[in-house]
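Chain by chain, the residues run as shown.
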Amino acid sequence: MADKATVIVHSGDMDKIYSALIIANGALAMGMEVSLFFTFWGLQRLKKGGLDKGPLSRMNMLGLGKWMVGRKMRKAGVASLEKLLQDFKELGGKILACDMTMEIMGIKKEDLRNDLISDYCAVGTYVIEARESSVTLFI
Amino acid sequence: MSEIKVDCTGETCPIPLVETRKALRKAEEGDIVEVIGTHPSSKKEIPMAVRALGLELLSIDEKDGVWKIRIQR
């Protein structure tokens, strides 16, 4: 089994994007290979300007909860999603975008941050990578 | 051989781990990476990463809540 982690980023919720990127960066730091598969609501976060747009998965309260949690996170010195994403790329992480999501949600390549995306793919690529991974998660 | 210093004071999960890995990637064989920080779990987890990467842990010290970890690439 390869020392590799594959993560499906299905949720676009802010806290879950944090979970995915923190786990992914942790795995890279431990010397693993990591692929993140962005699909459905998760893929919305790869739209230009979309990274921070996700609501909180619970107690969002029309954005009030997100604002309060965001303030606490800044106070605790938690890194921004943008920094986590840049670190992920710098450490050699791979980002894949689901092309079926693009089709059904009417997202074009030029709407996405192509500089971050290694490839556009479908379930087959995920399965091939997941079957040789020791860690695979659905977030 | 050179020494690379990484200051993660005040940073929280996963930054100390990530910055350590970034420095280790940039380091050349034989270089020493010295990381200082205050995040408690990172003091345990950076040595775990060093083992996972098959590198040598030179020392771990802590004084007044600030830890210092030295790693040989």
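Here the structure is shown first, and the text comes after it.
The structure contained in this document is the topic of the report that follows. (Residues numbered from 1 in each chain as written. Chains lettered and ligands numbered in written order. Predicted model: local features only at pLDDT ≥ 70, side-chain atom pairs only at ≥ 80, totals over all residues.)

1. Comments concerning the overall build of chain B
Here comes step 1: Scanning chain B from N- to C-terminus turns up two helices and four strands.
Here comes step 2: Along chain B, from the amino end to the carboxyl end, the secondary structure elements read β-α-β-α-β-β.
Here comes step 3: If you line up chain B on its principal axes, its C-alpha atoms span 30 × 20 × 15 Å.
Here comes step 4: Looking at chain B as a whole, 30% of its 73 residues are labelled buried.
Here comes step 5: Restricting the contact set of chain B to residue pairs at least 6 apart, pairs at least 24 apart contribute 61%. (Helix = DSSP H or I, 4+ residues; strand = E, 2+ residues; numbered from the N terminus. Buried ≥ 20, exposed ≤ 12 C-beta atoms within 10 Å, placed from the backbone. Contact = placed C-beta atoms within 7 Å.)

2. Overview of the overall build of chain A
Here comes step 1: Broken down by element type, chain A carries six helices and five strands.
Here comes step 2: Tracing chain A from N to C terminus, the helices and strands come up as β-α-β-α-α-α-β-α-β-α-β.
Here comes step 3: Every one of the 139 residues in chain A was classed for burial, and the buried ones make up 32%.
Here comes step 4: Considering only contacts within chain A whose residues lie at least 6 apart along the sequence, 80% involve residues at least 24 apart.

3. Topic: the interface of chain B and chain A
Here comes step 1: Taken together, the contact pairs 14 residues of chain B with 14 residues of chain A.
Here comes step 2: A per-element tally of the side of chain B that touches chain A places helix α1 (residues 15-26) of chain B first, with six residues.
Here comes step 3: Classifying every residue of the side of chain B that touches chain A by side-chain character gives eight nonpolar, three polar and three charged. (Nonpolar A, V, L, I, M, F, W, Y, C, P; charged D, E, K, R; others polar.)

4. Brief notes about the environment of S59 of chain B
Here comes step 1: With respect to the helices, strands and loops of the structure, S59 of chain B is situated in strand β3 (residues 56-63).
Here comes step 2: For the pair S59 of chain B and R70 of chain B, spaced 11 residues apart in sequence, the C-alpha separation works out to 5.2 Å.

5. Re the nonpolar core
All names here are of chain A.
Here comes step 1: The biggest cluster of nonpolar side chains holds 43 residues, and the ones touching the most others in it are V7, V9, A24, L36, F37 and F38.
Here comes step 2: Considering each element in turn, this core owes the most residues, eight residues, to helix α1 (residues 14-29).
Here comes step 3: The contacts of A24, once residues within four sequence positions are left out, are V7, V34, L36, F88 and G93. (Core = buried A, V, L, I, M, F, W, Y, C linked by C-beta atoms within 7 Å.)

6. Remarks on the pairing of strand β2 (residues 33-38) of chain A
Residue and element names in this part refer to chain A.
Here comes step 1: For β2, the buried fraction is high: five of the six residues fall into the buried class.
Here comes step 2: In terms of strand pairing, β2 meets strand β3 (residues 94-98) through four bridges, oriented parallel. Paired with S35 across the bridge in β3 is K94. (Pairing = 2+ DSSP bridges.)

7. What about the environment of Q72 of chain B?
Here comes step 1: Mapped onto the elements, Q72 of chain B comes out in strand β4 (residues 66-72).
Here comes step 2: With residues up to four places along the chain from it excluded, the contact list for Q72 of chain B reads I32, L55, E56 and L58 of chain B.

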